[in-house]
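Listed here are the chains, written in short residue letters.
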Amino acid sequence: MLKVTEAPAYFARYREIIPDFEKFLAHLREPLPLYFRLNELKAPDPEVVLAGLARQGVKAEAVPGFPHFYRVEPRDFPLGNTEEYYLGYIYPMTLSSALPVIALEPKPGEYILDMCAAPGSKTTQIAQVAEDKAVIVANDRRLDRLTALVANLKRLGVACALTTLYRGEVFPFGVPFDKVLVDAPCSGEGRYREGYEGELLYQKEGHTNLPAIQKGLLVRAFDLVKVGGIVVYSTCTFNPEENEMVVDYLLRKRQAEIVPCTYPLPHHPGVTEWEGRPLHPDLQKTARFYPHETQAVGFFVAKIKRLF
Amino acid sequence: MGRRKKIHKEAKWPRVVSLEEREEVLSFWEERFGIPKETFQDYLLLSTAKNYWLFIAPPDLRPLQNLKVQTVGLLFTRRVSRWLKPTSTALQRFGHLATKNVLELSPSELDRLRREKRLPFEAEMEEGYVIIKCEGKVWGCGLYAQGKLISFLP
């Protein structure tokens, strides 16, 4: 576990790319605000949900630019113990976690693969945005994680998803996917803050070669999507080796194009050089989100179109 | 653990039910709760053993049927001996559209029903499955019969 006193040394390698680096470090000592997404599939009248939460002392304020998202006070409120949670009216999630699905723009009638879906915040968000009318294949490679995903799909009342248990990098061909979301396993640096229980994944797992796994997932996602289709690649880490360099690998291997995207949170262009190595110039069309600017977990999002 | 049991590595694709079977299940929802059949027109009805699942009708089902699936769609209705029983999961999703056989309980009645599982109960309604509602929220399925209300809430 990385102590907050060790954070400056750990994150020092990003001094050049993280804006207002000192402010970023100071921000790691603050707790994150609490948000939830209101699930209109089950709660056609949001007022019933908001009034129920208000009776329990929860103040929920709509977040501009993020339909169905609310910021919660007090921020340590145990939303998971409420009947609104139990009945599937709300899904607590960090605000930046909504960004990959904003980039994906799911629509009714589309075949969509969520390659690393568990525990399902993004799968259920896709279902909600597409009004439960997209055909969602929600995949995860681990049975215990898939169990959590299935429970969340049931809790939120989603009827447009099926679940599968494949290793993403060998997901079978044959479904003409319009869109694929790769919310890749990552070191989780963007989640790091004082008192947060999540360790950094690659410290925990020692020898896991995350960039190799991420490249395998992204290339397979690209090969699974139709020509002209969209792949969204996202992580919650700052590390260019898990972000731009993974997308750079795809751009060199396949005929892909980065699609610019508008987001409702402040962000910065992806890096086009890392540790002396030049990367594809189009990577500046990817987006980096930093916790001290967004009040949410740090994120990286790339929207990619399959040209051929 | 019930939920775990549902997920197993050799799970098979559920079958798409015949038009007659679909008609039977959707007529039950319409007749019992007044929820029109058209509510489900965008969905397929699939079946595994005694369960019916609701799943969005894809442009083409065949490519999906080549996938080894763990679950497909939302558990909708069960066949219990010769009766059809709506699941709480499905009622929580579609129950707000019901026009009849909805039981509005007070918070204390709901608490008691969840704790004791059955209550003596008198209501002006036909015996059978009912939708349990409290303060505008649908909680799920109950059974009203012989002066009792029996909980099928999860």
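Because the structure is predicted, anything quoted here is derived from the model rather than measured. (Residues numbered from 1 in each chain as written. Chains lettered and ligands numbered in written order. Predicted model: local features only at pLDDT ≥ 70, side-chain atom pairs only at ≥ 80, totals over all residues. Heavy atoms only, no water.)

(A) Layout of the UniProt feature "active site" (unreviewed entry) in chain A. Residue and element names in this part refer to chain A. Here, the residues flagged by UniProt with the feature "active site" (unreviewed entry) are Cys236. Classification of cysteine 236 as buried rests on a relative accessible area of 11%. Those residues in contact with cysteine 236 that sit more than four places away from it in its chain are Cys186, Gly188, Glu189, Gly190, Arg191, Val297, Gly298 and Phe299. (UniProt positions renumbered as here; feature names shortened; annotations may be inferred. Buried < 20%, exposed > 50% of the residue type's maximum accessible area, 1.4 Å probe, protein only. Contact = heavy atoms within 4.5 Å.)

(B) Summary view of the environment of A:Lys253. Residues and elements named next belong to chain A. Summarising the element assignment, lysine 253 is placed in helix H10 (residues 244–253). Given the relative accessible area of 47%, lysine 253 is considered partly exposed. Between the C-alpha atoms of lysine 253 and valine 219, which are 34 residues apart in sequence, the distance is 8.3 Å. (Helix = DSSP H or I, 4+ residues; strand = E, 2+ residues; numbered from the N terminus.)

(C) Quick look at the environment of B:Pro107. By secondary structure assignment, the location of B:Pro107 is in helix H5 (residues 107–116). Expressed as a C-alpha distance, the spacing of B:Pro107 and B:Ala145, which sit 38 residues apart in the sequence, is 21 Å.

(D) A look at the nonpolar core. One finds A:Phe11, A:Tyr233, A:Val247, A:Ile304, B:Trp29, B:Phe55 and B:Leu64 to be the most contacted residues of the largest nonpolar core, which totals 132 residues. It is helix H9 (residues 210–224) of chain A that provides the largest number of residues to this core, a total of 6 residues. Inspection of this core shows a minimum of three residues originating in each of domain 1 (15–85) and domain 2 (101–151) of chain B. Those residues within four positions of B:Trp29 in sequence are excluded, and the remaining contacts are B:Gly34, B:Ile35, B:Phe40, B:Phe76, B:Thr77, B:Pro86, B:Ala90, B:Leu91 and B:Phe94. Counting residues in hydrophobic clusters, the runner-up holds 28 residues, among them A:Leu50, A:Val72, A:Phe77 and B:Leu113. (Core = buried A, V, L, I, M, F, W, Y, C linked by side-chain atoms within 4.5 Å. Domains from an automatic or database assignment.)

(E) Region of the structure containing the side chain of A:Asp178. Residues and elements named next belong to chain A. Following the sequence through the fold, aspartate 178 ends up in strand S8 (residues 177–183). Take aspartate 178: its relative accessible area is 18%, and that puts it in the buried class. Within the structure, the side chain of aspartate 178 is placed 2.7 Å from the side chain of lysine 226, a separation counted as a polar contact. (Polar contact = N/O pair within 3.5 Å; in protein donor to acceptor, adjacent residues only side chain to side chain.)

(F) Just the confidence of the model for chain B, in detail. Residues and elements named next belong to chain B. For chain B, mean pLDDT is 92; residues scoring 70 or higher make up 93% of the total. Counting interchain partners and residues more than four positions distant, the pLDDT-below-50 stretch residues 1–5 has 3 contacts. Interface predicted TM-score (ipTM) for the complex: 0.92; the corresponding pTM is 0.95. (pLDDT = per-residue confidence, 0-100.)

(G) Quick peek at the interface of chain B and chain A. Taken together, the contact between chain B and chain A spans 36 residues of the former and 40 residues of the latter. Interface area, chain B with chain A, both sides summed: about 3,300 Å², of which 63% is carbon and sulfur. On inspection of chain B and its partner chain A, the count reaches 5 salt bridges. With a shortest N-O distance of 3.0 Å, A:Glu83 and B:Lys137 are connected by a salt bridge. Our enumeration of links across chain B and chain A arrives at 14 residue pairs in polar contact (both at pLDDT 80 or more). For the side of chain B that touches chain A, the secondary structure elements donating two or more residues are helix H1 (2–6), strand S3 (51–56), helix H3 (62–65), strand S4 (69–72), helix H4 (88–94) and strand S10 (137–145) of chain B. (Buried area = accessible area lost by both parts, 1.4 Å probe. Salt bridge = Lys/Arg side-chain N within 4 Å of Asp/Glu carboxyl O.)

(H) Region of the structure containing helix H6 (residues 121–129) of chain A. Residues and elements named next belong to chain A. Most of H6 is tucked away: 8 of the 9 residues are buried. Of all the residues in H6, the buried ones are Ser121, Lys122, Thr123, Thr124, Gln125, Ile126, Ala127 and Gln128. Where H6 ends, the next residue or the one after it, glutamate 131, has phi of about 55°, a positive value.

(I) Molecular detail of the sheet that holds strand S4 (residues 90–92) of chain A. Residue and element names in this part refer to chain A. With respect to topology, 4 strands assemble into an open sheet ordered S2-S3-S1-S4, the strand pairing being antiparallel. Each edge of the sheet is formed by a strand with only one pairing partner; in this case those strands are strand S2 (59–62) and S4. The sheet shows a mean angle of 35° between the axes of neighbouring strands, direction not considered. Taken together, the 3 bridges between strand S1 (residues 34–38) and S4 define a ladder with antiparallel strand orientation. When the sheet's bridge partners are listed, phenylalanine 36 is paired in S4 with proline 92. The sheet strands contacting helix H3 (residues 46–55) are S1, S2, strand S3 (69–73) and S4, and the helix crosses S1 at an angle near 150°. (Pairing = 2+ DSSP bridges. Axes fitted to C-alpha atoms, helices over the stretch in contact; angles between N-to-C directions.)

(J) Representation of unusual backbone geometry. Residue and element names in this part refer to chain A. Cis peptide bonds are those with omega within 30 degrees of zero, and the linkage from glutamate 73 to proline 74 qualifies with -5°. Turning to its location among the elements, proline 74 is positioned in the loop between S3 and helix H4 (83–86). Cis geometry marks the peptide bond from alanine 118 to proline 119, where omega comes out at 0°. Relative to the elements of secondary structure, proline 119 occurs in the loop between strand S5 (111–114) and H6. Residue aspartate 20 is not a glycine yet carries a positive backbone phi of 45°. As for its position among the elements, aspartate 20 is in the loop between helix H1 (7–11) and helix H2 (21–27). The phi angle at glutamine 295 is positive, at roughly 55°, despite the residue not being glycine.

(K) Main features of the sheet that holds strand S11 (residues 148–151) of chain B. Residue and element names in this part refer to chain B. Strands sit in the order S7-S9-S10-S11-S8 across an open sheet of 5 strands; the sheet is mixed. In this open sheet, the two strands that pair with only one neighbour each are strand S7 (102–104) and strand S8 (118–120). On average, each strand axis in the sheet is tilted by 35° relative to the strand beside it, whichever way the strands run. The pairing of S7 with strand S9 (residues 128–134) spans 3 bridges and is classified as parallel. Within S9, the position partnered with valine 102 by the bridge is isoleucine 131. Running over the sheet, H5 touches S7, S8, S9, S10 and S11 and is turned about 125° from S8.

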